[in-house]
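In case you want the letters, here they are:
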Amino acid sequence: MAEEAVPKVLVLGPLMCFATLEPLYSHKFHFLSPNPNHSLQHFLRLHHPSSIRALLCSANYSVSAQVLRLLPSLRLLLTTSAGTEHIDLRECRRRGIQVAAAGGIFSQDVADAAVALLLDVTRNISAADRYLRTPNHANPPSEVFTFASKLSGKRIGIVGLGSIGMEVAKRLESFGCIISYNSKHKKANVSYPFYSSVVDLATTCDALVVCCALNEQTKHIINREVISALGKGGFIVNVGRGGLIDEKELVKCLMEGKIGGAGLDVFENEPHVPKELFQMNNVVLSPHCAALTDKSNMDMCELVGGNLEAFFSNRPLINQVMLDMVE
Amino acid sequence: MGSIGVLLVGRVFPYLEQELDKRYKLFRLWDYPQKAQLLSQHAASIRAVVGHAGAGADADLIDELPKLEIVSSFSVGVDMIDLEKCKAKGIRVTNTPDVLTDEVADLAIGLTLALLRRICECDRYVRSGKWKKGDYKLTTKFSGKTVGIVGLGRIGQAIAKRAEGFNCSICYYSRTEKRDSNYKYYPSVVELASNCDILVVACPLTEETHHIINREVINALGPKGFLINIGRGKHVDEAELVSALQEGRLGGAGLDVFEDEPAVPEELFGLENVVLLPHVGSATLETRTDMADLVLGNLEAHFLGKPLLTPLV
C-alpha cells in the first residue's frame with residue numbers, strides 16, 4: 001500500500017485546542033474529526049482505518065480496548081490531558097502503541113486555579129461579587145461578608161504532590177502557609193511533612209487541596225471520614241478529578257455545616273453538578289477549566305504538533321507515558 | 001474609665017462596638033438624626049473618636065469637640081482624618097498597621113486571580129446551567145505576568161512576595177526609589193503602567209495620590225492590561241475607568257474600593273471583565289479582631305498615660 005503523502009490523524013474529542021491546532025498543522029497532517037453524534041465505526045468505514053497510525057484525543061473520550069481494536073494500524077496515541085485514566089494503557093502496551101500526554105504543561109495554570117479557588121472560597125470573593133451585582137440587596141455588605149477566613153499562615157494539606165501539587169505548594173508558601181502532604185509514597189527531596197493517612201492530614205490542616213491522579217487507589221480518597229476530620233472551619237479544593245471526592249458525602253457535609261466550604265473545578269458526572277450546591281454561598285464552582293488558558297492552549301498546540309512531527313519522523317516523543325509501569 | 005466619652009463615627013465590627021460600650025461612655029453618631037443634636041448634648045464629654053476606612057474626623061468635627069484628645073482609626077488608611085489639624089491641636093492619631101497587611105495582600109492576589117481566570121464568571125456559568133450546553137472559553141494565565149505596584153509599603157511588599165510565588169516579575173512606582181529593593185523602579189505611574197500586565201494600587205490616599213490612576217495611566221495599561229485597586233476608591237478616576245472598560249480600552253479591573261461607597265457604578269454590573277467587592281480587604285474574623293484589639297489597646301494606653309501602640313500623630 002502506498003504511503004500517504006500527508007499522514008492521517010484521527011481526532012476524538014471534543015478538543016479545546018483543535019480550533020488553534022488545525023490551521024497551524026493542516027498542511028502537514030490530515031486531521032479526521034468524526035461527528036460525535038454518529039458512530040465511530042460508521043465514520044471509519046469511509047476512511048480506511050488501516051491507514052490511520054495516529055490518534056489525538058482529549059480526557060473526555062474513553063479510548064477503550066474496543067476503540068483501539070477499530071484501528072489496527074495505530075501506533076501513536078496523544079492525549080491533551082495530563083491524566084490518562086480514560087485510556088486503556090494495558091491494551092496500548094499489548095499493541096505496542098506509544099502514548100504521550102500533556103506532562104507538566106498545565107501544572108502552573110492548574111496550580112493558579114487551585115489557589116484562586118482557595119482564595120475565593122475562604123474570602124467569599126464570588127459570593128460578594130454576586131451579592132453586589134444583585135439589585136436591591138437589603139443588608140449592608142459589611143455585615144454579610146465580615147466573617148471570611150484568613151488564608152495567610154494557615155496549614156494546607158496537599159493530596160498528591162506531583163507536578164501540580166508542587167506548584168500549589170510553592171505558591172501557598174509565599175502566603176506564609178505551612179505545607180504538608182499525602183502521596184502514594186513519601187517524596188525524597190521534599191521537606192514538607194508527609195502523612196500516609198489522608199485522615200491524619202485532614203485532622204492537622206485547615207484546608208486540603210486535591211491534585212492527584214484518579215485511579216483505583218485514589219477513587220473517593222476524600223470520603224466522609226476525611227471531610228469530618230477537616231471540620232467546620234476547614235476548606236477543600238479539588239482540581240484533580242471529580243471521582244477523587246465522594247460527591248454525595250461532600251454535599252451532605254456541606255448541607256450539615258460539617259465543613260467550612262469547597263472550591264470545585266471537577267465533578268463526578270460532568271457537566272452535571274449537584275443542584276444543592278447552587279444554593280450555597282460557601283462553594284465556588286468551576287466548569288473543569290483549571291488547565292485552560294490562552295498560554296496553555298498555545299503550549300498544547302505546540303506539544304501536539306511537535307509530537308506528531310516527531311512520531312512521523314521517527315524521533316522520540318515529549319511527555320511519553322512509560323507503559324512498562326502500567327499494572 | 002466608664003465616664004470617658006468616646007464617639008463612634010461609623011458602624012464597625014460588633015466585637016469592637018461591644019468592647020467600647022463596656023469600657024467607655026459610647027456615643028454612636030448614627031443614633032442622632034442630626035449631628036448638631038449630639039454635639040450640643042455631649043460634645044463636652046467626648047475625649048476620643050473611633051473611625052474606620054470610610055469615616056474619621058475632619059476639621060469641622062475636630063473643632064466641634066473641644067475635649068478631643070485622640071482619634072483611633074479602625075483602619076490603616078487615615079485619609080478621612082485631618083492629620084494636620086490633629087498635629088496642630090496636639091490630638092493623637094492611631095491606626096491599625098501590620099495586623100491587616102497579609103489579609104489585604106491575600107485579597108489583592110485573590111482579586112487578580114478571580115479577574116484573569118474569570119472565577120466569578122465561571123461560577124455564574126455553572127450555576128446558570130450553561131455548562132450543560134458547552135465548555136467555558138479560555139481565560140488569561142496569571143503565572144509569569146509582570147505585576148506593577150503603586151506604593152511599595154508594607155502591603156505593596158506583601159503583594160510582591162506573593163506574586164513572586166507565581167513566577168511574576170515585579171516593578172513599582174513610589175514617591176522615592178527604594179534603595180534596598182531588587183524590584184524595578186519606574187519614576188512615574190504612566191511608565192509603570194506601560195511596562196506591566198497587572199497594575200496594583202497599594203499606596204495611601206493623599207492629595208498627591210488622588211486620581212493617581214487617570215485616563216493616561218489607564219490607556220497606558222491598555223486593552224491587555226488589568227487594574228487592581230485595594231487602596232481607596234479615590235485613587236482611581238472612576239468615571240474614566242468605567243468608560244475605558246465600556247470602550248474596551250482596558251483589559252479588566254478588580255475593585256475592592258469605590259469613590260462613593262457603598263455605591264458601585266451600575267455600568268460595571270454587566271461586565272464579565274470586572275470583579276467587584278464591598279471593601280472587604282481586611283474582613284476576616286481573625287484580622288478584624290486583631291484590628292479591634294489594636295484600637296482598644298491604643299485608647300487604653302492613652303487614657304492610662306502610657307505610650308501608644310501604633311501612633312501616627
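Residues numbered from 1 in each chain as written. Chains lettered and ligands numbered in written order. Predicted model: local features only at pLDDT ≥ 70, side-chain atom pairs only at ≥ 80, totals over all residues. Heavy atoms only, no water.

Asker: Explanation requested: the overall build of chain A in the structure shown.
Answerer: In terms of helices and strands, chain A carries twelve helices and eleven strands. Compactness check: chain A gives a C-alpha radius of gyration of 22 Å against a globular reference of 20 Å for 327 residues, within 12% of the reference. Judged by the C-alpha coordinates and their principal axes, chain A covers about 75 × 50 × 30 Å. Buried positions account for 56% of the 327 residues belonging to chain A. Long-range contacts, defined here as pairs at least 24 residues apart, represent 60% of the contacts in chain A between residues at least 6 apart. In the structure as shown, chain A presents an accessible area of about 14,400 Å², 52% of it carried by carbon and sulfur atoms. Averaged over its 31 positive side-chain charges, chain A has a centre that lies 3 Å from the centre of its 31 negative ones. (Helix = DSSP H or I, 4+ residues; strand = E, 2+ residues; numbered from the N terminus. Rg over C-alpha atoms; globule rule 2.2 N^0.38 Å. Buried < 20%, exposed > 50% of the residue type's maximum accessible area, 1.4 Å probe, protein only. Contact = heavy atoms within 4.5 Å. Areas by Shrake-Rupley, 256 points an atom, 1.4 Å probe, with all protein chains shown as cover. Lys, Arg positive; Asp, Glu negative; His and termini not counted. Charge placed at Lys NZ, Arg CZ, Asp CG, Glu CD.)

Asker: Could you clarify how one ought to interpret the state of the cysteines in this entry?
Answerer: A disulfide bridge is the covalent bond that connects two cysteines by way of their sulfur atoms. Residues and elements named next belong to chain A. Under the defined criterion, the tally for this structure stands at zero disulfides over all chains. No disulfide involves cysteine 57; its sulfur sits 9.1 Å from the nearest other cysteine sulfur, which is in cysteine 92. There is no disulfide at cysteine 205, and the cysteine sulfur nearest it, in cysteine 177, is 10 Å away. Relative accessible area serves as the criterion here: at 4%, cysteine 205 is assigned to the buried category. (Disulfide = S-S within 2.5 Å.)

Asker: Can you help me understand the interface of chain A and chain B in this one?
Answerer: Size of an interface: often given as the accessible area lost when the parts come together. Facing 55 residues of chain A, the contacting portion of chain B comprises 56 residues. Roughly 4,900 Å² of surface becomes buried between chain A and chain B when both sides are summed, with 59% attributable to carbon and sulfur atoms. Counting the contacts that link chain A with chain B gives four salt bridges. Residue lysine 154 of chain A pairs with glutamate 286 of chain B through a salt bridge whose shortest N-O separation is 2.8 Å. For the interface between chain A and chain B, the tally reads 29 residue pairs in polar contact (both at pLDDT 80 or more). Among the elements of the structure, helix 5 (107-123), helix 6 (125-133), helix 7 (141-145), helix 8 (163-173), strand 11 (283-285) and helix 12 (294-312) of chain A are those that each provide at least two residues to the side of chain A that touches chain B. Among the elements that make up the side of chain A that touches chain B, the one with the highest residue count is helix 5 of chain A (ten residues). (Buried area = accessible area lost by both parts, 1.4 Å probe. Salt bridge = Lys/Arg side-chain N within 4 Å of Asp/Glu carboxyl O. Polar contact = N/O pair within 3.5 Å; in protein donor to acceptor, adjacent residues only side chain to side chain.)

Asker: Looking at this structure, how should I read helix 6 (residues 119-127) of chain B?
Answerer: The periodicity of an α-helix, 3.6 residues per turn, causes residues three or four places apart in sequence to face the same way. Burial analysis of helix 6 of chain B places eight of its nine residues in the buried class, which makes it a mostly covered element. Looking at the packing, one finds that the buried side of helix 6 of chain B touches helix 5, helix 6 and strand 11 of chain A together with helix 5 (101-116) and strand 12 (274-276) of chain B. Among the residues trailing helix 6 of chain B, glycine 129 of chain B stands out with phi positive, at a value near 85°.

Asker: Would you mind showing me how to read the sheet that holds strand 2 (residues 30-32) of chain A here?
Answerer: Two pairing modes exist for strands in a sheet, parallel and antiparallel, and in both the strands are linked by backbone hydrogen bonds. Residues and elements named next belong to chain A. Across the sheet, which stays open at both edges, the five strands sit in the order 2-1-3-4-5 with parallel pairing between neighbours. Both edges of this open sheet fall to strand 2 and strand 5 (98-100), since each of them pairs with a single strand only. On average, each strand axis in the sheet is inclined to that of its neighbour by 20°, with strand direction left out of account. Relative to strand 3 (residues 54-57), strand 1 (residues 8-12) runs parallel, the two being bridged by four bridges. Note on strand 3: the bridge partner recorded for leucine 12 is cysteine 57. Sitting on the sheet, helix 1 (residues 18-25) is in contact with strand 1, strand 2 and strand 3, with an inclination near 150° to strand 2. Along the sheet, helix 12 contacts strand 1, strand 2, strand 3, strand 4 (76-79) and strand 5; its crossing angle with strand 4, the most-contacted strand, is approximately 170°. (Pairing = 2+ DSSP bridges. Axes fitted to C-alpha atoms, helices over the stretch in contact; angles between N-to-C directions.)

Asker: Please explain the environment of phenylalanine 18 of chain A as it appears in this structure.
Answerer: All names here are of chain A. Looking at the secondary structure, you find phenylalanine 18 in helix 1. For phenylalanine 18, a relative accessible area of 17% gives the class buried. Among residues more than four places away in sequence, those in contact with phenylalanine 18 are Val11, Pro23, Phe31 and Ser33.

Asker: What exactly am I supposed to notice about the packing of helix 5 of chain A against helix 5 of chain B here?
Answerer: Helices that pack against each other are described as a pair by the angle of their axes relative to one another and the distance between those axes. Contact geometry for helix 5 of chain A and helix 5 of chain B: axes closest at 9 Å, N-to-C directions at 120°. Of the possible angle classes, the one that applies to helix 5 of chain A and helix 5 of chain B is oblique. With respect to the hand of their crossing, helix 5 of chain A and helix 5 of chain B are arranged in left-handed fashion. Note on element contacts: helix 5 of chain B touches helix 5 of chain A through Glu103, Asp106, Leu107, Ile109, Gly110 and Leu113 of chain B, opposite Asp112, Val115, Ala116, Leu119 and Arg123 of chain A. Residues belonging to the contact of helix 5 of chain A with helix 5 of chain B are distributed by class as follows: six nonpolar, one polar and four charged. (Parallel < 35°, antiparallel > 145°, perpendicular 65-115°, else oblique. Left-handed = near helix turned anticlockwise from the far one by under 90°. Nonpolar A, V, L, I, M, F, W, Y, C, P; charged D, E, K, R; others polar.)

Asker: Is there a simple way to think about the environment of leucine 113 of chain B in this case?
Answerer: With respect to the element layout, leucine 113 of chain B can be found in helix 5. Leucine 113 of chain B gets classed as buried once you look at its relative accessible area, which sits at 0%. With 27 residues separating them in the primary sequence, leucine 113 of chain B and threonine 140 of chain B have C-alpha atoms 9.3 Å apart. Apart from residues lying up to four places away in sequence, leucine 113 of chain B is in contact with Asp112, Val115, Ala116 and Leu119 of chain A together with Arg118, Ile119, Phe142 and Phe166 of chain B.

Asker: Explanation requested: the sheet that holds strand 1 (residues 5-8) of chain B in the structure shown.
Answerer: All names here are of chain B. The strand order across the open sheet built from five strands is 2-1-3-4-5, with neighbouring strands paired in parallel fashion. Whereas interior strands pair on both sides, the edge strands pair on one side only; in this sheet they are strand 2 (25-28) and strand 5 (92-94). Ignoring strand direction, the axes of neighbouring strands in this sheet form an average angle of 20°. Along the sheet, helix 1 (residues 14-23) contacts strand 1, strand 2, strand 3 (46-52) and strand 4 (70-74); its crossing angle with strand 2, the most-contacted strand, is approximately 135°.

Asker: It is not clear to me how the packing of helix 5 of chain A against helix 8 of chain A should be interpreted in this structure. Could you clarify?
Answerer: Residues and elements named next belong to chain A. At a minimum axis separation of 8 Å, helix 5 and helix 8 run at an interaxial angle of 50°. On the basis of the axis angle, helix 5 is oblique to helix 8. Read as a crossing pair, helix 5 and helix 8 show a hand that is right-handed. Of helix 8, the residues touching helix 5 (which contributes Ser107, Gln108, Val110, Ala111, Asp112, Ala114, Val115 and Leu118) are Ser163, Ile164, Glu167, Val168, Arg171 and Leu172. Here the contact of helix 5 with helix 8 is built from residues that sort into eight nonpolar, three polar and three charged.

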